[in-house]
Amino acid sequence: MSLNFVDEARPNTFEFETSALIKASGFREYDARWWFGQVAPELNLIGVQALGMGLGTLIRRVGAGPDIVTGHDFRSYSLGIKLALVSGLMAAGARVRDIGLALSPMAYFAQFALDVPSVAMVTASHNENGWTGVKMGAARPLTFGPEEMSALKQIVLAGDFDLVGGGSYDFVRDFRATYLDDLTEDKRITRKLKVVAACGNGTAGAFAPQALQRIGCEVIPLDVELDHTFPRYNPNPEDMQMLHAIRDKVLETGADVGLGFDGDGDRCGVVDNEGNEIFADKVGVMLARDISSQHPGSTFVVDVKSTGLFNTDSVLRANSAVTDYWKTGHSYIKRRVAELGAVAGFEKSGHFFFNPPVGRGYDDGLVTAIAICQMLDRSPGSSMADLYRALPLTFGTPTMSSHCADDVKYGVVERVVADFQAMKRDGTVFAGQKIADLITVNGARVVAEDGTWGLVRASSNKPELVVVVESPVSSQRRREMFEAVDTVLRRSPEVGAYNQTF
């Protein structure tokens, strides 16, 4: 089949209905994201069909075979996009198992439960309405990385499809029940926990309250009604607006903990019983303490946005825990966890990855939520705030994002890295001190002599640059590092304002 590809097309035109629109920049480092809104869309349904043809072609070429699981999140347009994707997959001979409305981790679980090697989950994750995308994999529990995404992009944009036909479609009924049964089997807690389950009106509202109730929690629902307009805020547990809403509900109800889930349920955010919004990397330290006390010598993988406590915490050191800092991104951390045989991996964004016996290696916000409840169950004399206070004090920032176009953001980061490398080489004083360490595995993480650090990296799924700062010394040192990093960043006029600061 020969498709006519276009770089731009406006809705409600002949061209939009007869040509494949699929912007090249939507093929990102480890998944695909496009703007699907009415104004300046980057994708149309014919483009989605082409994506399906390309994915069906790719999974056969890499030896994964024709079988693939699909699902979709709760957006007004996700079902239509999934069906267009399915039509393309079937044209390329794929045997599609459709689990319907789903969380991303439910689709990953289906790869195991249905014994299907490949997955294509239609989701915009935590992105605002108007965005869509696909999370893909062909070797469970891993999802695509840059090599696979580059190959897929080349196949699709070149129209290099193997349209062998013979595809099939099977809708798997009641798979939600199968997923919830597996999540909660043998997970019952004895401690009476009152838990706020916050879902931002996203897909997790159909799953999280039930899962937490099954393990024995008293659940206080917050925005669990499915509403794809997201009337209060975007379901993103890294966004302070959602965390503030959880905080208010926790304080109002006297809950033991507040747990928030993103739009496709693979991330979890945490608020303690005193209303403190705990950034996910600190939650990771708590879980690492808990896990390493049961399994001394555990290896953990964390992303470069995460707290330095993973390297310096006395409890982790006493438990002989080893931490590997790696690239930000669910596919990168997932793959690194598998490569190192790590017990778990943690991202500051709230993606947590658990290998057996806790999980199957993929990121699941509900598995994380249950692990947090089990940690509290094993600490009957401590509240969530007590466990948080037990960590060494550091002064961190939320993840701050500034707009920077997809076609220039990596060039900006390259210049920032080069600037920091020159300063380190020359012994330049930066933020009041010399640079003690510079980690460039993913952008630039510049570390001062007192352990204060700042990170600049390109977002993998949005036209943004990401900045994170932390100081183990003081809020003043945090401010000094942020201002110094921001000064370097502002040398590039392409960098816009931050979405949030501190």
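Note: the structure precedes this text.
Definitions and limits used
- Residues numbered from 1 in each chain as written.
- Predicted model: local features only at pLDDT ≥ 70, side-chain atom pairs only at ≥ 80, totals over all residues.
- Heavy atoms only, no water.
- Helix = DSSP H or I, 4+ residues; strand = E, 2+ residues; numbered from the N terminus.
- Buried < 20%, exposed > 50% of the residue type's maximum accessible area, 1.4 Å probe, protein only.
- Contact = heavy atoms within 4.5 Å.
- Pairing = 2+ DSSP bridges.
- Axes fitted to C-alpha atoms, helices over the stretch in contact; angles between N-to-C directions.
- Polar contact = N/O pair within 3.5 Å; in protein donor to acceptor, adjacent residues only side chain to side chain.
- Expected span 1.5 Å × (residues − 1).
- Parallel < 35°, antiparallel > 145°, perpendicular 65-115°, else oblique.
- Left-handed = near helix turned anticlockwise from the far one by under 90°.
- Nonpolar A, V, L, I, M, F, W, Y, C, P; charged D, E, K, R; others polar.
- Phe/Tyr/Trp six-rings, centres within 6.5 Å; stacked < 30°, edge-to-face > 60°.
- Lys NZ or Arg CZ within 6 Å of the ring centre and 35° of its normal.
- Core = buried A, V, L, I, M, F, W, Y, C linked by side-chain atoms within 4.5 Å.

A. Here's a closer look at the environment of Met149. The residue Met149 is located in helix H5 (residues 146-158) in this model. Residue classification places Met149 among the buried positions, given a relative accessible area of 2%. Spatially, the C-alpha atom of Met149 lies 6.4 Å from that of Phe27, the residues being 122 residues apart in sequence. If sequence neighbours within four positions are ignored, Met149 has contacts with Phe27, Arg28, Glu29, Tyr30, Asp31, Ala32, Met136 and Phe144.

B. How the structure looks around the sheet that holds strand S7 (residues 131-137). As summarised here, the arrangement of the 6 strands in space is S3-S7-S6-S4-S5-S8, forming an open sheet in which the pairing is mixed. The open sheet has two free edges, formed respectively by strand S3 (32-35) and strand S8 (168-171), since each of these has just one partner strand. Neighbour-to-neighbour, the strand axes of the sheet open up by a mean angle of 20°, direction not taken into account. Across 4 bridges, the pairing between strand S6 (residues 118-122) and S7 is antiparallel. When the bridges of S7 are listed, Met121 appears paired with Lys135.

C. Region of interest: the side chain of Asp406. Counting through the fold element by element, Asp406 comes out in helix H15 (residues 406-426). On the accessibility criterion, Asp406 (17% relative accessible area) is buried. A distance of 3.1 Å separates the side chain of Asp406 from the side chain of Arg28, its partner in a polar contact. Here the side chain of Asp406 touches Lys409 through a polar contact of 2.8 Å, side chain to side chain. Asp406 has contacts with Ser25, Arg28, Lys462 and Pro463, leaving out every residue within four places of it along the chain.

D. Local environment of helix H2 (residues 45-61). Between its terminal C-alpha atoms H2 stretches 24 Å, which fits the 24 Å expected from 17 residues at 1.5 Å a residue. For H2, the buried fraction is high: 13 of the 17 residues fall into the buried class. Of the residues trailing H2, Gly63 is marked for its positive phi of about 85°.

E. Seen up close, the packing of H15 against helix H16 (residues 475-489). Taken N-terminus to C-terminus, the directions of H15 and H16 make an angle of 120°; their axes are 10 Å apart at the nearest point. Taken together, H15 and H16 sit at an angle that is classed as oblique. Crossing of H15 against H16: the hand is right-handed. Touching Val412, Val416, Asp419, Phe420 and Met423 of H15 are Val485, Val488 and Leu489, all from H16. For the contact of H15 with H16, a count of residues per class yields 7 nonpolar, no polar and 1 charged.

F. Summary view of the packing of aromatic side chains. Within the structure shown, the criterion is met by 16 aromatic pairs. Note on Phe420 and Phe430: the rings are 5.2 Å apart at their centroids and 85° apart in plane angle, and the pair reads as edge-to-face. Placement of Phe420 in helix H15 and of Phe430 in strand S20 (residues 429-430) is noted, with a sequence separation of 10 residues between them. A ring pair is formed by Phe482 and Phe502, whose centres lie 5.3 Å apart and whose planes are at 80°; its orientation type is edge-to-face. Placement of the pair is Phe482 in helix H16 and Phe502 in the segment after H16, with a sequence separation of 20 residues. Three or more aromatic residues link up through ring pairs in this structure, and these residues are Phe300, Phe310, Phe346, Phe352 and Phe354. The side chain of Lys334 reaches across the aromatic face of Tyr108, ending 4.5 Å from its centre.

G. Structural detail: unusual backbone geometry. Residue Pro141 follows Arg140 across a cis peptide bond; omega there is 0°. The phi torsion at Ala431 lies on the positive side, around 55°, for a residue other than glycine. Within the element layout of this structure, Ala431 appears in the loop between S20 and strand S21 (433-439).

H. Spatial organisation of the environment of Val116. Structurally, Val116 can be placed in the loop between helix H4 (104-113) and S6. Classification of Val116 as buried rests on a relative accessible area of 3%. For Val116, the contacting residues outside a window of four places in its chain are Asp67, Ile68, Val69, Arg97, Gln111 and Arg140.

I. Main features of the nonpolar core. Of all hydrophobic cores here, the largest spans 70 residues; its most connected members are Ile99, Leu212, Leu259 and Phe346. Beyond its immediate sequence surroundings of up to four residues, Ile99 is in contact with Val69, Thr70, Gly71, Met106, Ala107, Ala110, Leu114, Phe171, Val172 and Phe175.

J. The arrangement of helix H9 (residues 280-294) in detail. Taking 1.5 Å per residue, 15 residues should reach 21 Å; H9 reaches 21 Å between its end C-alpha atoms and fits that length. With 13 of its 15 residues buried, H9 lies for the most part within the structure.

K. How the structure looks around the packing of H9 against helix H13 (residues 365-377). Put simply, H9 and H13 touch, their axes get as near as 11 Å, and they point 55° apart. The orientation of H9 relative to H13 falls into the category oblique. Regarding H9 and H13, the two cross each other, and that crossing is left-handed. Residues Val283, Met286, Leu287 and Asp290 of H9 lie in contact with H13, whose contacting residues are Ala371, Ile372 and Met375. Broken down by class, the residue content of the contact of H9 with H13 amounts to 6 nonpolar, no polar and 1 charged.

Everything listed here is a matter of geometry and, on its own, says nothing about what the molecule does.
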